[in-house]
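# Notes for the structure review
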Amino acid sequence: MPLILALRYQNLRCNFFRLGGFLRLLSCSYLLPTLRSVLASPIPETTLQNRYTVDCTDLAADFDYTCWATLGLSDYLISPETGWMYTTPNCTEDSSGANCCKPDEPWSTCYLHLAHGVAGDDCSEINPQSCTYDATLDVDPKIAAQVRYVMRNIYSTLPQTCQMDITDLSKDVNNFFTTWWEALQFATAQASTIVGSVIGELDPVQKSHFTLYNILIGLTVGLCFVAMPEVAGAVGASLIASQVGAHLVIALQEAPMVARAIWPKGTEDSQLVQIGDVKDELGNVNRNLSSLLNAGLETVMKDLPTFVSFVQDGHFSGDQYISLPKTTAGLDMALKTFIVSTAMTKNDWRATPMLYMTRGDFASAKGCAFGPENYDICTQEGGPASYFYSNTTGNGYLLSNGGEAQNVKSPRDLMFDIVNNQWSSLGALFDGAFNCTSSGNAASDQPFHIKFDGTIDLSCVSQLQMCGYCEACIVPLINGTCPMPGCYCD
């Protein structure tokens, strides 16, 4: 007699689930240990210090992020000889298909088939209609808890009784990629609105151009970008996006093959797009965005070890939000930073860094004063120089224009416009350019790099020219060469 198990007390528990999820959304204690690319969390510390203990084997209990480790799910799935991956037989011509996996069937599709006892759901691609949560199980009671959590990590949506209007409460992988793709439609529309004003203020001659691939990168890395300390909390950046972005960065660090699937090296989308045509191109990129994210989702859902790496820290198993509302603000911030910084460099704007000073010492040394607007812009009284001071790195930056164009805005006014128009975060603009240049990547026009250890490097989202000094190199040499030389050292 097959065991059919359903979540009990669903309606009652959903009320507590919504409240608990909302409170934890305000907390950073549920963010996993941050990586080098996410140095600080923008989420305020929680006041909920005492956490209840969850019985991970209770099939009616709320889901909890600790249960992936508690239930030993990584070993359950991929341990040599004993893991599901190695003990589940492949179907043959004589098989009924009831207890085996078809030769070309994604592991996730087969797993759901065996868990429910009937074939049906396919969660290997972005398609919420074909991937809807079903809590029923047809498995040995001894493994019911493990199966329940693996299903949780696969599926797209929770039962209808637990859905909210503004966003799905699901945390699973398919749902995450699906809501990410849906939210990018809004981000694309938002990014297109700044093109005209950027041309008018920074690039009236339209010197700037981009590859279509870099435009797509700028859009899709936006979710990781808003998790960076230089961006999180900036005007226009969503709190939800910052938290979800931190989870994504951690997952991609654990499973860099997913990042390489979404953002592959070498692409056919290399045609140049003039800045004046960017708005029109943004209106036609939905299919490209879908293809990029689908490549990442398929890598997870069709390769079981990759799935385990992607979810093993438990961030898709708990009761915190990992999905995105369709109108998530801030996902366009990376692309806008890339467009604005490229236009600045093409039109002779540059920055010169001054390293490792306190805010007070910086103002004293430069004879400048910070305004009441709290934009960290320091301006010399009666003088032309304006600086940005980064509280994140302790670096100061002088912004200047070395061109001969007339009617160029003052550095101070331009920095204010960048913030007020939500074109970028000044921290991302200046600190990003400094990190990009000091790492030796300034010669590349790509806004995104995956390091050998899988770390995601988003510093080159800012393409602003960074000038060192002519007398000495202020950053470590790379292969005996200074990556940040002076810009005018005749």
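### Focus on the overall build of the chain
Along the chain, the regular secondary structure elements total 19 helices and 10 strands. When burial is assessed residue by residue, the chain has 54% of its 490 residues classed as buried. In the chain, the share of contacts with a sequence separation of at least 24, taken over all contacts with a separation of at least 6, comes to 71%. For the chain, the exposed surface amounts to about 21,300 Å²; the carbon and sulfur share of it is 51%.

### So, the state of the cysteines
Inspection of the entire model under this criterion finds 8 disulfides. What pairs with Cys-101 in a disulfide is Cys-110, and their sulfur atoms sit 1.9 Å apart. Where Cys-101 bonds to Cys-110 through sulfur, the torsion about that S-S bond is close to -85°, and the disulfide is left-handed. Here Cys-110 falls in the buried class, since its relative accessible area comes to 0%. The residue that forms a disulfide with Cys-473 is Cys-482, at a sulfur-sulfur distance of 2.1 Å. Around the S-S axis, the bridge from Cys-473 to Cys-482 shows a dihedral of about 80° and counts as right-handed. Exposure remark for Cys-473: the relative accessible area of 28% places this residue in the partly exposed category.

### Topic: the nonpolar core
In this structure, Phe-177, Trp-180, Phe-307 and Phe-310 are the most contacted members of the largest nonpolar core, which totals 125 residues. Met-354, Ala-363, Cys-378 and Tyr-389 belong to the second largest nonpolar core, which has 8 residues in total.

### A short note on the packing of aromatic side chains
For the coordinates displayed, the defined rule picks out 21 aromatic pairs. When the centroid spacing of 5.9 Å and the interplanar angle of 45° are considered together, the rings of Phe-177 and Trp-180 count as tilted. You can see Phe-177 and its partner Trp-180 sitting in helix H7 (residues 173-192), 3 residues apart, about one turn around the helix. We classify Phe-177 as buried; its relative accessible area is 0%. Ring centres 4.5 Å apart and planes at 50° place the aromatic pair Trp-263 and Phe-448 in the tilted group.

### Here we look at helix H5 (residues 107-116)
Counting buried residues along H5, 10 of its 10 residues qualify, which places the element largely inside the surrounding structure. Along H5, the residues that are buried comprise Trp-107, Ser-108, Thr-109, Cys-110, Tyr-111, Leu-112, His-113, Leu-114, Ala-115 and His-116. On the buried face of H5, the contacting elements are helix H3 (73-78), helix H4 (84-87), helix H6 (144-154), helix H14 (286-302) and helix H15 (304-311). Trailing H5 by a residue or two, Gly-117 shows a phi angle of about 85°, which is positive.

### Considering H15
The element H15 is extensively covered by neighbouring structure, given that 7 of its 8 residues are classed as buried. All of the buried residues in H15 are Leu-304, Thr-306, Phe-307, Val-308, Ser-309, Phe-310 and Val-311.

### Thoughts on the side chain of Ser-74
The residue Ser-74 is located in helix H3 in this model. Sequence-distant contacts of Ser-74, defined by excluding residues within four places in its chain, comprise Trp-68, Ser-79, Val-308 and Gln-312.

### Structural notes on the pattern of salt bridges
Side chains that differ in sign of charge can pair as their charged atoms come close. Tallied over the entire structure, the rule returns 5 salt bridges. Across the pair Lys-409 and Glu-201 runs a salt bridge, and its minimum N-O distance is 3.8 Å. In this pair, Lys-409 is assigned in the loop between strand E7 (396-401) and helix H18 (411-420) and Glu-201 in helix H8 (residues 195-202), connecting sequence segments 208 residues apart. What makes Lys-409 partly exposed here is its relative accessible area of 36%. Between Lys-409 and Asp-417 there is a salt bridge, with the nearest N and O atoms lying 2.4 Å from each other. If you follow the salt bridges from partner to partner, you end up with Glu-201, Lys-409 and Asp-417 in one network.

### A closer look at the pairing of strand E5 (residues 377-380)
As paired strands, strand E4 (residues 368-370) and E5 are joined by 3 bridges and run antiparallel to one another. Pairing of Phe-370 across the sheet is with Cys-378, part of E5. Taking the residues between adjacent antiparallel strands as the criterion, E4 and E5 are bridged by 6 residues, where Asn-374 takes a positive phi near 60°.

### Brief notes about unusual backbone geometry
Most peptide bonds adopt trans geometry, and most residues besides glycine take a negative phi value. We note that Asp-348 has phi near 75°; this positive angle belongs to a residue other than glycine. Note on placement: Asp-348 falls in the loop between helix H16 (333-346) and strand E3 (349-354). Since its relative accessible area comes to 30%, Asp-348 is described here as partly exposed. For Tyr-356, which is not a glycine, the phi torsion comes out positive at approximately 55°. Relative to the elements of secondary structure, Tyr-356 occurs in the loop between E3 and helix H17 (359-366).

### As for the packing of helix H9 (residues 212-220) against H16
Direction vectors running N to C along H9 and H16 enclose 135°, while the axes themselves pass 6 Å from each other. The angle between H9 and H16 falls in the class oblique. Seen from H9, the contacting residues are Asn-214, Ile-215, Gly-218 and Leu-219; seen from H16, they are Ala-334, Leu-335 and Phe-338. Here the residues of the contact of H9 with H16 are counted per class, giving 5 nonpolar, 2 polar and no charged.

### A word on the confidence of the model for the chain
Scored by pLDDT, the chain comes out at a mean of 79, with 81% of its residues at no less than 70. When pLDDT is averaged over each helix and strand of the chain, the minimum, 31, is found for helix H1 (residues 10-25) and the maximum, 96, for H3. The low-confidence segment residues 1-51 (pLDDT under 50) makes 102 contacts with residues lying over four places distant or belonging to another chain. Across residues 157-171 the pLDDT falls below 50, and counting only partners more than four positions away or on other chains, this stretch makes 52 contacts in the model.

The rules we used
Residues numbered from 1 in each chain as written. Predicted model: local features only at pLDDT ≥ 70, side-chain atom pairs only at ≥ 80, totals over all residues. Heavy atoms only, no water. Helix = DSSP H or I, 4+ residues; strand = E, 2+ residues; numbered from the N terminus. Buried < 20%, exposed > 50% of the residue type's maximum accessible area, 1.4 Å probe, protein only. Contact = heavy atoms within 4.5 Å. Areas by Shrake-Rupley, 256 points an atom, 1.4 Å probe, with all protein chains shown as cover. Disulfide = S-S within 2.5 Å. Core = buried A, V, L, I, M, F, W, Y, C linked by side-chain atoms within 4.5 Å. Phe/Tyr/Trp six-rings, centres within 6.5 Å; stacked < 30°, edge-to-face > 60°. Salt bridge = Lys/Arg side-chain N within 4 Å of Asp/Glu carboxyl O. Pairing = 2+ DSSP bridges. Axes fitted to C-alpha atoms, helices over the stretch in contact; angles between N-to-C directions. Parallel < 35°, antiparallel > 145°, perpendicular 65-115°, else oblique. Nonpolar A, V, L, I, M, F, W, Y, C, P; charged D, E, K, R; others polar. pLDDT = per-residue confidence, 0-100.

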